[in-house]
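# Secondary and tertiary structure notes
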Amino acid sequence: MNTSSSIELSAAEQAQLQRLVRKGTAPARQLNRARILQFSHQGHAPDTIVALLGVSRATVYTVRRRYRQQGLAAALTEKPRSGQPRKVTPAVEATITSLACTDAPHGASRWSIRLLRGRLIELGVAVGEESVRQVLKKANSSPG
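Quantities reported herein were computed from a predicted structural model and do not represent experimental measurements.

Here we come to the overall build of the protein. Looking only at helices and strands, one finds eight helices and zero strands in the protein. Reading the helices (α) and strands (β) of the protein from amino to carboxyl end gives α-α-α-α-α-α-α-α. Over its C-alpha atoms the protein spans a radius of gyration of 25 Å, topping by over 25% the 15 Å that the globule rule assigns to 144 residues. Considering only C-alpha atoms, the protein reaches an extent of 75 × 30 × 25 Å along its principal axes.

Following this line, the structure appears as structure tokens:
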């Protein structure tokens, strides 16, 4: 594995990075990655790049490694993040939607979010009112 400080960008890659940085409309993280590659091509040490851009040393090494292993596009883009798991599964969404499509309970003209949540709790499905609202909002906005 090549661990030298500098990397060699082709003329086309240099031009692409220059356009990206000059335009300035890309996300800040992508612009930082482009600048890391530019400074690395110019022979700047990782500590210098850290000081110039205010990024971590690990970021500099990660961007360089991804460029060497996978190319320019991979070095500029962000890998998907796992994030927090969904609280409302597709099965729960289906239950909420199907329940909301039934007739309202006796004494109510329509299903409210609180009524739906109460019925879901009776069915053993523990979800919050905001989750119910989000599912209904999604169901109302979907084409079909």
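Before going further, it helps to spend a moment on the nonpolar core. By size, the foremost hydrophobic cluster in this structure holds 16 residues, and its most contacted members are Leu-17, Ile-36, Leu-37, Tyr-67, Leu-72 and Leu-76. Only helix H1 (11-23), helix H2 (28-41), helix H3 (46-53), helix H4 (57-70) and helix H5 (72-76) provide two or more residues apiece to this core. Discounting residues that sit within four places of it in the chain, Leu-76 has contacts with Gln-16, Leu-17, Leu-20, Gln-30, Arg-33, Ala-34 and Leu-37. Counting residues in hydrophobic clusters, the runner-up holds twelve residues, among them Val-92, Leu-120, Val-125 and Val-135.

Here H2 spans 20 Å end to end across 14 residues, near enough to the 20 Å set by a 1.5 Å rise per residue. Considered for burial, the residues of H2 that qualify are Leu-31, Arg-33, Ala-34, Ile-36, Leu-37, Gln-38 and Ser-40. The secondary structure elements touched by the buried residues of H2 are H1, H3, H4 and H5. Gly-43 occupies a position one or two residues after H2 and carries a positive phi of about 95°.

Time to look at the pattern of salt bridges. In total, this model carries eight salt bridges according to the counting rule given. A salt bridge links Glu-129 to Arg-114; the nearest nitrogen and oxygen atoms lie 3.4 Å apart. Taken together, the residues span a long stretch of sequence, with Glu-129 in helix H8 (residues 129-141) and Arg-114 in helix H7 (residues 113-122) at a distance of 15 residues. A relative accessible area of 34% places Glu-129 in the partly exposed class. Each member of the salt-bridge network shares a partner with another, and the members are Arg-29, Arg-33, Glu-78 and Arg-81.

Conventions and cut-offs
- Residues numbered from 1 in each chain as written.
- Predicted model: local features only at pLDDT ≥ 70, side-chain atom pairs only at ≥ 80, totals over all residues.
- Heavy atoms only, no water.
- Helix = DSSP H or I, 4+ residues; strand = E, 2+ residues; numbered from the N terminus.
- Rg over C-alpha atoms; globule rule 2.2 N^0.38 Å.
- Core = buried A, V, L, I, M, F, W, Y, C linked by side-chain atoms within 4.5 Å.
- Buried < 20%, exposed > 50% of the residue type's maximum accessible area, 1.4 Å probe, protein only.
- Contact = heavy atoms within 4.5 Å.
- Expected span 1.5 Å × (residues − 1).
- Salt bridge = Lys/Arg side-chain N within 4 Å of Asp/Glu carboxyl O.

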